[in-house]
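# Survey of secondary and tertiary structure
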Amino acid sequence: MTNPAMPDLLKVGMTSRVPELRARDEDLNTTGVPAKYEVQYYAFFDDMYLAERKAHQKLKQYHYNKEFFKVDVPTAIDLIESLKLKFIKIFTGPKFEREFLLKAQEKERQRAALSRKKAEQQAEHQRRVEVMKERDHRIENQINKFRRTGIVEHTQEKLFGHLY
């Protein structure tokens, strides 16, 4: 949840209720809080206690106080979704949907670029293997030619000696 009165802070917690109702709770919106909380994201986890504990651990570097973290919403969501816990994403605030789409597209571009690079490296490796096989074949032919002509000083060991 975010609060316009605290623009740099994000509240990350759990509730057994509908998050929008929790955002309107009196204990959150006391007279000391000048604006209402806004839900930016929520998901259902099999074990909400474990999920909250792990989320707070992942967000530790951004910790401000209690359940408040000094982090942007997309970063927090990425960290929460990387907890390796089963979850069902229910809601992401509309102003962050575009950011998530752009991040997902960028991740896909990076994955595709990495895949292309790996394919290029494999192709280059295969090309080198073929070049070496061709060279070995030429050397083997040369050795056989020397053997047929009776030139004994040219042995396989001498021809290959400089390679090892």
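Attention in this report is confined to the structure presented alongside it. (Residues numbered from 1 in each chain as written. Predicted model: local features only at pLDDT ≥ 70, side-chain atom pairs only at ≥ 80, totals over all residues. Heavy atoms only, no water.)

### Focus on the overall build of the protein
Looking only at helices and strands, the protein features 5 helices and 5 strands. Helices (α) and strands (β) of the protein occur, in sequence order from the N terminus, as β-α-β-α-β-β-α-β-α-α. Within the protein, the fraction of its 164 residues that count as buried is 26%. Counting contacts in the protein only where the partners sit at least 6 residues apart, residues at least 24 apart contribute 65% of the total. Surface summary for the protein: the accessible area is close to 12100 Å², and the carbon and sulfur share equals 55%. (Helix = DSSP H or I, 4+ residues; strand = E, 2+ residues; numbered from the N terminus. Buried < 20%, exposed > 50% of the residue type's maximum accessible area, 1.4 Å probe, protein only. Contact = heavy atoms within 4.5 Å. Areas by Shrake-Rupley, 256 points an atom, 1.4 Å probe, with all protein chains shown as cover.)

### Some thoughts on the nonpolar core
The tendency in soluble globular proteins is for nonpolar side chains to be buried side by side. Leu10, Val12, Phe45, Leu59, Val71 and Ile80 are the most contacted members of the largest nonpolar core, which has 16 residues in total. Elements with a contribution of two residues or more to this core: strand S2 (41-45), helix H2 (48-58) and helix H3 (73-81). Not counting residues up to four positions away in its chain, the partners in contact with Val71 are Asp8, Leu10, Leu59, Tyr62 and Ala76. Leu28, Tyr37, Val39 and Phe68 belong to the second-largest nonpolar core, a separate cluster that totals 8 residues. (Core = buried A, V, L, I, M, F, W, Y, C linked by side-chain atoms within 4.5 Å.)

### Digging into unusual backbone geometry
In most cases, non-glycine residues show a negative phi, while peptide bonds are predominantly trans. Positive phi outside glycine occurs at Lys66, with the angle close to 50°. Summarising the element assignment, Lys66 is placed in the loop between strand S3 (63-65) and strand S4 (68-69). Non-glycine residue Lys84 carries a positive phi angle of around 65°. Tracing the backbone shows Lys84 in the loop between H3 and strand S5 (87-92). Since its relative accessible area comes to 82%, Lys84 is described here as exposed.

### Some thoughts on the packing of aromatic side chains
Enumeration over the complete set of coordinates arrives at 2 aromatic pairs. Seen in terms of ring centroids, Tyr42 and Phe44 are 6.4 Å apart; in terms of plane orientation they differ by 75°. Their pairing is edge-to-face. In this structure, Lys11 packs its charged tip against the face of Phe68, placed 5.6 Å from the ring centre. (Phe/Tyr/Trp six-rings, centres within 6.5 Å; stacked < 30°, edge-to-face > 60°. Lys NZ or Arg CZ within 6 Å of the ring centre and 35° of its normal.)

### Quick look at the environment of Asn65
Structurally, Asn65 is set in strand S3. With 56 residues separating them in the primary sequence, Asn65 and Leu9 have C-alpha atoms 9.6 Å apart.

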